[in-house]
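Below are the chains, spelled out letter by letter.
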Amino acid sequence: LPFPLSKVQGTHPDCSVVLHFQEREAECLQRIRSESHSPGQAGQGCPTEWDGVSCWPALPLGQSRDVACPEILTVFRKSTGLIQRNCTEWGWSPPSPPYHSACQLETLGSNNDTEAKARHFVTMKVLYTCGYSTSLAALLLAIGIFCCFRKLHCTRNSIHIHFFTSFILRGTAVFIKDSVLFSDESIDHCTMSTVTCKAAIAFFQYSVLANFYWLLVEGLYLQTLLLLTFTCDRSYTWGYTLIGWGVPMVTVGVWVLTRLRYDNHGCWDDYSSVYWWVIKAPILLAIFVNFLIFLNVTRMLAQKIRCPDLSRTHKQQYMRLTKSTLLLIPLFGVHYVLFALFPEHVGVHARLYFELVLGSYQGFLVALLYCFLNGEVQAEIRRNWGTWQRSMESNVFNLATQDFTA
């Protein structure tokens, strides 16, 4: 179905209040400009005026006008109260009764609550900054290990390197997004709309999508290994690359074009827009397919382990190759599925904790499972360490012998 042509304002509830008043103000100012250019509008009386809350149409001298309370439930309670202003020879009279009396303002949180929330978010930012920094260091070290040792060069570890890279991009994107959106506290984030901040959000969405799709590639490759009985077929490498990097690129490209055409407001960091499903649906699809792979791999593994003709060595190989991916598939998808069917402003604290704090350490966990706890990697490091030690001892012995003979 074609997208609707109307502009969508899918914003967080807090920002929707700001945008509502800005739209009403823009409409009122447009009305004032049109009246100023129209002949016969000037004369005695009070011109159209915006008082910060409502637009008061022009009124002849000595008359009064009533307006209703703004229809914003998060600011004003549902009220039938009216506010009146008179047109006097000195101009518009003050609103009577005042807005806070006639419209019954919603009770706002105390300063202590606001300060507690601010401290909570500062603490959370420190935690996920430490998490992403730890993950980035571990992932870079793991990539260095896979690249330095020639015996570790294979299709499986090449896929691991791509998977690690997607985590590095995700951590980098978080830091870039924070520096662009939250570096200056004086900026109004509800109305901020620059090319830089939109590019930062687009890069962040790409890194998140790539992260989930390289996890999908890990699952697909594991299933392929079990089906082909550990036959490393490099013909699948380009297909895996297209899935891991290509699908996210196409998805984010479609999302960017959609936002530019139909919903180009703010920094695109709102998740209540209907067009957010352009990003959300592919992620849910990757999680669903990974879950099916999880069930299928578990079934195949159980069959192979129960097979009496399978040697103990092969059973250990199956267990070693599957345990990491079988752990990561549910770990990466469960919390996302739990929150997928709820609006983005529901369970914000729990969502932020899972996606930011716990999610920031996922890269470290991946490096730990696929590299640092990998028996093949440990054996290769020990072998090279022993070779280096023997080489150093030989060099020291040769130098000592030369000095003695001299």
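Residues numbered from 1 in each chain as written. Predicted model: local features only at pLDDT ≥ 70, side-chain atom pairs only at ≥ 80, totals over all residues. Heavy atoms only, no water.

Now for the overall build of the protein chain. Summing up its helical and strand segments, the protein chain has 11 helices and 5 strands in all. Counting over 406 residues, the protein chain shows a buried share of 38%. Considering only contacts within the protein chain whose residues lie at least 6 apart along the sequence, 71% involve residues at least 24 apart. Summed over its atoms, the accessible surface of the protein chain is roughly 23,200 Å², and 64% of this surface lies on carbon and sulfur atoms. (Helix = DSSP H or I, 4+ residues; strand = E, 2+ residues; numbered from the N terminus. Buried < 20%, exposed > 50% of the residue type's maximum accessible area, 1.4 Å probe, protein only. Contact = heavy atoms within 4.5 Å. Areas by Shrake-Rupley, 256 points an atom, 1.4 Å probe, with all protein chains shown as cover.)

With that settled, consider the nonpolar core. The nonpolar side chains of a soluble globular protein tend to be buried with one another. F163, F164, W255, I279 and I283 are the most contacted members of the largest nonpolar core, which has 62 residues in total. Only α3 (111-148), α4 (155-181), α5 (195-228), α6 (237-262), α7 (277-306) and α10 (362-372) provide two or more residues apiece to this core. Dropping the residues within four chain positions of it, W255 is found in contact with I201, A202, Q205, W268, Y275, V278 and I279. One finds C46, L59, C87 and Y99 within the second-largest nonpolar core, a separate group that totals 11 residues. (Core = buried A, V, L, I, M, F, W, Y, C linked by side-chain atoms within 4.5 Å.)

One pass over the full model with this rule turns up 7 salt bridges. E49 is paired through a salt bridge with R85; the nearest N and O atoms lie 2.9 Å apart. Here R85 lies in strand β4 (residues 82-88) and E49 lies in strand β1 (residues 49-50), a separation of 36 residues in the sequence. On the basis of relative accessibility, which here comes to 29%, the residue E49 falls in the partly exposed class. (Salt bridge = Lys/Arg side-chain N within 4 Å of Asp/Glu carboxyl O.)

This part covers the packing of α4 against α5. At a minimum axis distance of 8 Å, the contact between α4 and α5 shows a crossing angle of 155°. By the angle class used here, α4 and α5 are roughly antiparallel. Handedness of the crossing formed by α4 with α5: left-handed. Residue classes in the contact of α4 with α5 are distributed as 21 nonpolar, 7 polar and 4 charged. (Axes fitted to C-alpha atoms, helices over the stretch in contact; angles between N-to-C directions. Parallel < 35°, antiparallel > 145°, perpendicular 65-115°, else oblique. Left-handed = near helix turned anticlockwise from the far one by under 90°. Nonpolar A, V, L, I, M, F, W, Y, C, P; charged D, E, K, R; others polar.)

In this section: the state of the cysteines. Overall, the coordinates contain 3 disulfides when judged by the stated rule. Disulfide partner of C46: C87, at an S-S distance of 2.2 Å. In this structure the cystine formed by C46 and C87 twists about its S-S bond by roughly 100°; its chirality is therefore right-handed. Here C87 lies in strand β4 and C46 lies in the loop between α1 (13-36) and β1, a separation of 41 residues in the sequence. By relative accessible area, C46 is classed as buried at 3%. Under the relative-accessibility criterion, C87 is labelled buried at 3%. The side chain of C197 participates in a disulfide bridge whose partner is C267; the two sulfur atoms lie 1.8 Å from each other. Handedness of the C197-C267 disulfide follows from its S-S torsion of about -100°: it is left-handed. On the criterion of sequence distance, the pair formed by C197 in helix α5 and C267 in the loop between α6 and α7 is long-range, its members being 70 residues apart. Given the relative accessible area of 2%, C267 is considered buried. No disulfide involves C147; its sulfur sits 6.8 Å from that of C148, the nearest cysteine. (Disulfide = S-S within 2.5 Å.)

We now examine the packing of aromatic side chains. Considering all chains together, one arrives at 12 aromatic pairs under this definition. Look at F163 and F167: their rings are 5.1 Å apart centre to centre, the planes differ by 65°, and that puts the pair in the edge-to-face class. One end of the pair is F163 and the other is F167, both in helix α4 and 4 residues apart, which spans about a single turn. Among the residues examined, F163 registers a relative accessible area of 0% and is labelled buried. For F167, a relative accessible area of 6% corresponds to the buried category. An aromatic cluster is defined as three or more aromatic residues linked by ring pairs; in this entry it consists of Y128, Y132 and F175. Of note, K177 hangs over the ring of F204, and the distance from its end group to the ring centre comes to 4.0 Å. In this structure, K280 is placed above the aromatic ring of W277, and the distance from its NZ or CZ to the ring centre is 4.8 Å. (Phe/Tyr/Trp six-rings, centres within 6.5 Å; stacked < 30°, edge-to-face > 60°. Lys NZ or Arg CZ within 6 Å of the ring centre and 35° of its normal.)

Looking now at the sheet that holds strand β3 (residues 64-68). On the basis of which strands lie adjacent, the open sheet formed by 3 strands has the order β3-β4-β5 and antiparallel pairing. Across the chains shown, the open sheet's two edge strands, defined by having one partner strand only, are β3 and β5 (91-92). Looking at chain direction, β3 and β4 are connected through 5 bridges and run antiparallel. Following the sheet pairing, A68 is matched in β4 by L82. (Pairing = 2+ DSSP bridges.)

Bringing the pairing of β4 into the picture now. Residues I83, R85 and C87 of β4 are buried on one face, while the alternating residues L82, Q84, N86 and T88, pointing to the opposite face, are not. In this sheet, β5 lies alongside β4 in antiparallel orientation, the contact comprising 2 bridges. What sits directly across from C87, in β5, is W92. Remark: 2 residues form the turn of the hairpin made by β4 and β5, two consecutive strands paired antiparallel.

Here we come to the UniProt feature "transmembrane region" (unreviewed entry) in the protein chain. Sequence positions flagged by UniProt for "transmembrane region" (unreviewed entry) are, in local numbering, residues 126-147, 159-176, 212-230, 242-262, 274-297, 318-341 and 353-373. Annotation note: span residues 126-147, helix share 100%, strand share 0%, distance between end C-alpha atoms 32 Å. As a span, residues 242-262 carries 100% helix and 0% strand, and end to end its C-alpha atoms are 28 Å apart. (UniProt positions renumbered as here; feature names shortened; annotations may be inferred.)

Right, let's get into the side chain of S360. Within the element layout of this structure, S360 appears in the loop between α9 (348-358) and α10. By relative accessible area, which is 1% here, S360 ends up buried. Not counting residues up to four positions away in its chain, the partners in contact with S360 are L127, Y128, G131, Y132, S135 and E355.

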